[in-house]
Structures are given as structure tokens and as C-alpha cells.
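What the coordinates show
Listed below, chain by chain, are the residues.
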Amino acid sequence: MEKREKKERRIGLPELTNAEKGKVVLRFAPNPNGPLSFGHARGIVINGEYAKEWEGELILRFDDTDTVVKPPLPHAYQQIPEEAAWLLGYTPHRIVIASDQIPHYYHHAEQMLKDGFGYVCRCSGEEFKVFRVDKTECPCRPNDADLNMDLWSKMLDGTFKPGDAVVRVKTDMTLKNPALRDWPALRMQDTANHPHPRKSIGSKYRVWPLLDFQSAVEDQLQGVTHIIRGKDLMDSTRKQKLLYEHFGWTYPETMYWGRVKVHEWGGFSTSQMRRDIEAGLFTGWDDPRLPTLSALKRRGITADALRAFWIELGVTQKDISVPLSALFSHNTKQIDDDAPRLSFIRSPQKFKLTGNHPQSVEVDVHPNHPKMGQRLFELNQPNIWIEAEDAVKGDLRLKGFVDVSLTAETADVQSIERQDQRPIVHWLSEKQSTPATLIVARDGEIMEFVGQMEAHTYPEGTMVQLERIGYGRVLDSTTILFSHS
RNA sequence: GCUCGUAUAGUGUAGUGGCCCAUCAUGAAGGACUCUCAUUCCUUCGACCCGGGUUCAAAUCCCGGUACGAGCACCA
């Protein structure tokens with residue numbers, strides 16, 4: 001045996017088991033009941049990176065099979081693919097919409113009933129719960145295929161109403177894990193009163209598959225080779241494997257990640273956000289207080305930063321809690337080199353510049369990149385702005401300009417060159433300044449700082465660095481949305 | 001209650017029996033550079049949940065405990 005080389009730190013994502021270059025098929029399957037959120041980004045990034053690494057395919061699948069509890073949001077069908085493409089840097093290879101696939105699910109449900117590994121169960125949820133707990137079989141279980149097909153048709157034609165009957169997968173009522181015992185595969189929904197929001201679907205179907213059945217069948221139809229998802233779906237995998245055994249299919253390789261909590265956000269759900277937005281608590285899905293992808297994008301978080309962040313967390317099954325600063329440090333690396341510097345004076349206090357000083361001064365747009373040009377401050381009309389917090393310090397160095405000593409209304413120039421270790425502060429000439437607003441989302445609240453900002457012509461969307469404050473995104477010529485420090 | 005899963009520095013993460021008095025990042029502290037509390041660079045700090053067992057050897061395997069999380073929905 002040769003002595004092994006010193007172990008090297010693995011970089012990037014762990015190796016995909018049983019993968020073949022060019023033949024990997026992965027999927028990300030959100031419910032389109034709202035646009036994508038921070039948490040969804042993990043699914044897109046991880047699956048998307050593996051698809052890229054293995055030269056495989058990424059399927060974006062809309063799991064829109066519930067019209068009552070989590071009804072789909074029509075706009076999401078358009079927004080989600082756009083957001084996914086933004087985040088991935090490429091367009092998902094295939095898009096599948098579950099509500100377009102209902103005939104396939106029916107076909108497999110019928111095969112299940114005909115082959116005897118599924119049955120129509122007319123027990124109520126409460127009644128079946130007793131059987132599940134007691135490990136006993138429900139009276140519907142022994143029904144033969146003909147009776148099951150008859151009951152199935154009564155589900156389809158509306159003889160039965162929602163709640164009257166479900167289709168169950170026959171597993172084993174004595175299974176150790178209660179979650180796996182004869183689990184429900186399809187149920188009825190009142191699509192007359194709760195039509196599917198897609199016009200082409202509407203009230204067309206009464207019987208709808210549940211996640212475990214729909215997802216399992218669809219993965220098989222699409223030839224998915226690897227499923228990477230949250231570990232809350234581990235029992236889902238176990239249920240689906242039992243179904244795959246019935247059908248004689250081979251289940252894909254699986255990987256799981258644990259739960260992520262962001263300290264600053266705590267728990268949130270798409271459904272709750274939707275209610276809060278509709279109730280007017282937020283301005284929209286891109287309200288900077290919300291953990292949605294659109295809000296993060298609007299705040300100036302780059303797709304690269306988001307990707308680096310999720311790749312760094314990897315696919316461990318550990319439940320973790322991360323501070324937003326982890327994401328921000330990635331973002332700083334992405335944007336700092338290109339972010340022009342700008343002066344923003346909060347609580348501005350006006351001083352008249354006295355003494356000998358140049359009539360104008362130029363400072364770099366970016367200290368590390370002189371090629372980005374110069375900023376001109378004209379002082380022939382010698383009023384300047386200084387932050388109130390700095391003004392109390394007395395002797396100051398106006399950054400890039402002169403040493404001054406403050407009185408109540410004047411700033412007396414003491415030296416052009418820097419003479420001592422007095423604090424360096426950012427400042428603004430009155431002529432180059434404009435009233436402006438800095439919007440900051442913090443602790444679930446929106447704060448607006450009104451002040452004086454250096455006039456600029458950067459277009460909407462430009463990431464700038466407000467000197468001594470932090471990074472922000474230009475919303476318009478007089479408004480900056482604070483990103484992070 | 002039943003079932004399943006996880007446990008490495010403040011926070012994330014590498015590590016699949018000897019290379020580990022444990023990796024990298026972030027964070028904190030200090031310093032260099034810099035006319036920003038930015039960027040960049042350097043230094044320092046700081047961890048294998050607890051208890052048994054297997055083994056010549058355990059962060060790594062096994063058992064028990066503890067903690068945390070998840071599933072047991074006619075939600076996804």
C-alpha cells in the first residue's frame with residue numbers, strides 16, 4: 001500500500017453519487033403560489049450547479065396541484081423562470097407544469113388500482129388516522145380492482161365530493177414508520193368554487209394528485225436521476241420508493257440538506273407573505289424587508305453572491321442558523337470593485353468654509369481604480385455639508401480636501417495638507433449636493449434617512465458605496481436603497 | 001406517542017480509522033496600506049455534544065444518553 005497524499009480540502013459541492021457526465025437529470029420543483037424566496041434559491045443553486053458540473057439537465061417543475069390550501073399565483077408562472085435564470089446564469093433546460101400532466105397521473109392511478117397496489121378509500125381523515133395508529137387495515141383495503149375502478153369513476157365524475165374518497169397506495173399497515181402506512185396518493189378538490197388559476201385548467205379536474213404521488217410519477221416520466229431536496233422530505237422519499245417498487249421502477253439517487261434559518265428573518269412562509277402583502281403590510285413581493293429573491297435583487301444582492309453563499313453551505317443535513325452578514329460578505333466581494341463612491345450626508349449641517357482654500361477639488365470615483373474618473377467639488381460658493389454626528393467633533397479633516405476647525409457656522413480652513421490625526425469625515429459642497437433619501441430596511445422596518453447626497457448621473461440599478469456608510473443601490477437620482485455595510 | 005435525521009471554533013464548513021495537538025471561510029482582536037468605519041494584505045484568537053465500547057490506533061465505526069430539527073395533512 002502506498003502512502004496516501006496529504007488530504008486536500010474539498011472545494012465546491014460534494015461528488016454526486018452514481019453520476020455519469022452528460023446523463024444527469026435534476027429538478028427543482030417549487031409551488032408557484034408566490035415568487036421565489038431566499039430558501040428556494042438553495043434548491044435552484046444546488047441542483048443547478050450539479051447540472052452544470054455534470055453537463056446534465058435541470059428541470060424547473062411547477063408543483064401546482066393544490067387549488068385550495070396553497071393556490072397558485074398566475075404571475076409566478078412567468079416570474080419564477082425569470083428569477084431562476086437570473087440566479088443560475090442560464091435558462092433551465094426544461095419546464096414542466098404538473099397541472100398539464102394530470103392525464104398521466106390518472107393513467108398511473110388507474111394502473112395502480114387495476115394491479116391492486118392502490119385502492120379507493122372512503123374513510124374520513126380522522127377515521128383513517130385510527131387505523132394508521134392502530135396498525136389495522138381500513139375496510140376499503142380489500143376491495144377488488146373492479147370495485148376500485150367503479151369508485152374511481154365516481155371520484156372522476158363528481159358523484160363523490162371532496163372528502164368522500166381518496167386513492168391510497170397499498171404499502172403495509174404494520175410498517176414501523178407511521179408516515180408510510182397506506183399513504184394517500186390522490187384526492188378530490190372543489191375546483192368549482194376553487195378553480196385552478198390557470199385558465200386552461202380551471203375547473204377541468206376534480207381529482208388531483210398529492211405531492212408524493214405526483215412528484216414520484218413525474219420524476220419517472222422525466223427521467224430524473226438525482227433528487228436533492230430538504231430533509232423534511234425524507235419520509236417522502238421512503239413513500240415514493242414503495243410506490244416505485246410497485247411500478248417496478250428504480251428510484252433516483254437522493255441527497256438532502258437541513259433547515260436553514262436566517263437570524264434576521266426568522267420563520268416565514270410564502271403563504272403568509274402573500275397574505276401580508278395583500279393586507280398592505282408590505283409594498284409588494286420586492287419589499288426590501290422580505291426574504292424574496294426579488295427583494296434581495298432590488299437591494300443589490302448579486303446572483304453570484306447568492307450562488308457562492310449556498311455553495312459554501314453545501315448539502316449537509318445539519319440544521320443551521322446563519323447571519324445575513326454571511327451573504328453580505330460575499331456580496332461585498334462581488335460589488336466593491338465596481339461601486340463608485342458617493343457622499344451622502346445624513347442629518348446635514350451647513351457650514352461656511354472660511355480661510356484660504358482651493359476653489360475646487362477632485363477626488364477619485366474609486367480609490368483603487370483611478371481609471372473610473374474623478375468627482376469634482378466646487379467651492380466658489382463656499383457652503384459645505386457635514387453630518388451632525390461629525391460636526392460635534394470640532395477639528396476635522398474633510399476627506400480628500402482640507403483640515404478645518406468648526407465654529408457654530410463656519411469651517412475655518414487650517415491646512416490644505418493633512419497636519420494631524422484629526423478624524424477624517426466625508427462632506428459635500430453645497431453646489432454638488434442635492435436633497436436625497438436613503439432607504440434602509442432593518443429589523444423588519446423601513447427607515448428613511450433624508451439628507452444631502454452628492455449629485456450623480458448613475459442609472460437606476462447602479463451599486464454605489466456611500467462613503468463611511470455602506471453599499472446601496474440607486475433607485476433614482478435622489479434615492480438610494482441601502483444594501484449592507 | 002411512533003418514526004426519521006443531525007451533532008467539528010461565535011457562525012458556516014473540510015475531514016469516511018493512522019497524514020488531525022484538525023481545513024477553509026466568515027467573525028473578533030491587532031497591524032500594514034489607504035485622506036472612508038470600504039477594499040486588499042499580514043498576525044492572533046477560537047472547535048471534534050456527553051458516556052461507554054471495538055481497535056495497536058477513533059472527529060471518523062458501534063451502543064447508550066442529551067440537545068436540536070423533521071415526518072406521521074384529503075399542503076408543497
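Reading the values: rules and limits
- Residue positions are given per chain, counted from 1 along the sequence in the order it is written.
- Lettering of chains starts at A and numbering of ligands starts at 1, both following the order in which they are written.
- Residues qualify for local features only when their pLDDT is at least 70, as the model is predicted, and side-chain atom pairs are given and counted only at 80 or more; totals for whole chains, interfaces and linings, by contrast, use all residues.
- Note that water and hydrogens are dropped before the side-chain values are worked out from all heavy atoms of the structure.
- Secondary structure follows DSSP: runs of H or I at least 4 residues long count as helices, runs of E at least 2 residues long count as strands, and numbering of each begins at the N terminus.
- Only the C-alpha atoms count toward the radius of gyration. The rule for a globule is 2.2 Å times the residue count to the power 0.38.
- Per-residue accessibility, obtained with a 1.4 Å probe over protein chains only, is compared with the maximum for each type, and a residue is labelled buried under 20%, exposed over 50%, and partly exposed between these values.
- Two residues qualify as a contact provided that any one of their heavy atoms is within 4.5 Å of a heavy atom in the partner residue.
- The method behind every accessible area is Shrake-Rupley, applied with a 1.4 Å probe, and residues are considered shielded solely by the protein chains displayed.
- The sign given to each residue is positive for Lys and Arg and negative for Asp and Glu; His and the chain ends receive no count.
- By convention, charge coordinates are those of NZ in Lys, CZ in Arg, CG in Asp, or CD in Glu.
- Annotation comment: domain bounds sourced from an automatic or database domain assignment.
- Nearness is defined per residue: one heavy atom within 4 Å of the molecule or strand is enough.
- Distance and chemistry together define a polar contact, namely a pair of N or O atoms within 3.5 Å, with one atom able to donate a hydrogen and the other to accept it when in protein, and with adjacent residues in sequence counting only for side-chain atoms on both sides.
- Only Asp, Glu, Lys and Arg are considered charged, only Ala, Val, Leu, Ile, Met, Phe, Trp, Tyr, Cys and Pro nonpolar, and every remaining residue, Gly among them, polar.
- To define a nonpolar core, start from buried Ala, Val, Leu, Ile, Met, Phe, Trp, Tyr and Cys residues and group those joined through side-chain atoms within 4.5 Å.
- For two strands to be treated as a pair, DSSP must find no fewer than two bridges joining them.
- Angles shown run from 0 to 180 degrees and are taken between the N-to-C directions of axes, each axis being a line fitted to C-alpha atoms and, for helices, limited to the stretch in contact.
- Here the expected span of a helix is defined as 1.5 Å times the quantity of residues minus one.
- As used here, the arc belongs to the directions running from the helix axis to the C-beta atoms.

Section: the overall build of chain A
- Summing up its helical and strand segments, chain A has 12 helices and 27 strands in all.
- Computed over its C-alpha atoms, the radius of gyration of chain A comes to 30 Å, more than 25% above the 23 Å expected for a compact globule of 485 residues.
- Within chain A, the proportion of its 485 residues that are buried is 52%.
- A separation of at least 24 residues holds for 69% of the contacts in chain A among residues at least 6 apart in sequence.
- Accessible area of chain A: about 23,200 Å², with a carbon and sulfur share of 49%.
- Considering chain A, the positive charge centre built from 62 side chains and the negative charge centre built from 67 side chains are found 4 Å apart.

Some points on the domain arrangement of chain A
- The domain boundaries assigned to chain A delineate domain 1 (101-208) and domain 2 (341-484).
- Just the C-alpha atoms count here: the centres of domain 1 and domain 2 sit 67 Å apart.

Quick notes on the protein's contact with RNA strand B
- In the vicinity of RNA strand B lie 58 residues, with Arg9, Lys70, Arg132, Arg397 and Tyr471 positioned nearest.
- Put simply, 72% of the atoms of RNA strand B that lie within 4 Å of the protein are in sugar or phosphate.
- Contact distances for RNA strand B include 2.5 Å between a base nitrogen and a side-chain N or O atom of arginine 468.
- Broken down by secondary-structure element, the contributors of at least two residues to the surface near RNA strand B are helix H4 (125-134), strand E6 (184-188), helix H7 (234-247), helix H10 (303-313), strand E11 (320-322), helix H11 (324-335) and strand E18 (395-398).
- Split into classes, the residues belonging to the surface near RNA strand B amount to 17 nonpolar, 14 polar and 27 charged.

Quick notes on the nonpolar core
- Phe38, Tyr50, Leu87, Ile228, Leu306 and Leu327 are the most contacted members of the largest nonpolar core, which has 50 residues in total.
- Ranked by the residues each element gives to this core, the list is headed by helix H1 (residues 38-53), at seven residues.
- With residues near it in sequence (within four places) discarded, isoleucine 228 still touches Leu16, Leu26, Ile46, Asn47, Tyr50, Met255, Trp257 and Val315.
- Counting 37 residues, the second-largest nonpolar core is a separate cluster that includes Val25, Leu113, Leu186 and Leu243.

Comments concerning the sheet that holds strand E7 (residues 207-209)
- Taken in spatial order, the four strands of this open sheet run E4-E5-E6-E7, and their pairing is antiparallel. Looking at the sheet topology across the chains shown, the edges are occupied by strand E4 (118-121) and E7. The average undirected angle you get between the axes of adjacent strands in this sheet is 25 degrees.
- Examined bridge by bridge, E4 and strand E5 (residues 166-169) share four bridges and lie antiparallel to one another.

Side note on the sheet that holds strand E17 (residues 383-387)
- The seven strands are arranged E21-E18-E19-E20-E14-E17-E22 in an open sheet whose pairing can be described as mixed. Of all strands in the sheet, those with a lone pairing partner are strand E21 (424-425) and strand E22 (427-429), marking the two edges.
- Where strand E14 (residues 348-354) lies against E17, five bridges are found, and the strand directions are antiparallel. Across the sheet, the residue bridging to lysine 352 is asparagine 383, located in E17.

Focus: the environment of isoleucine 301
- Residue position: isoleucine 301 is located in the loop between helix H9 (293-298) and H10.
- On the basis of relative accessible area, isoleucine 301 is assigned to the buried category, the value being 2%.
- In the structure, isoleucine 301 is positioned 171 residues away from glycine 472 in sequence and 9.8 Å away in space, judged by C-alpha atoms.

Remarks on helix H5 (residues 145-156)
- Compared with an ideal rise of 1.5 Å per residue, which puts 12 residues at 16 Å, H5 spans 16 Å between its outermost C-alpha atoms and is within 8% of the ideal.
- Where H5 is concerned, the buried positions are Asn148, Leu151, Trp152 and Met155. For H5, the buried positions fall inside an angular range of 110 degrees around the axis, keeping them on one side.
- Those residues of H5 that are buried are in contact with helix H3 (102-114), E4, E5, E6 and E7.
- For H5, the N-terminal cap is aspartate 144; the gap from its side-chain oxygen to the backbone nitrogen of aspartate 146 is 3.2 Å.
- Immediately downstream of H5, the backbone of glycine 158 shows phi near 90 degrees, a positive value.

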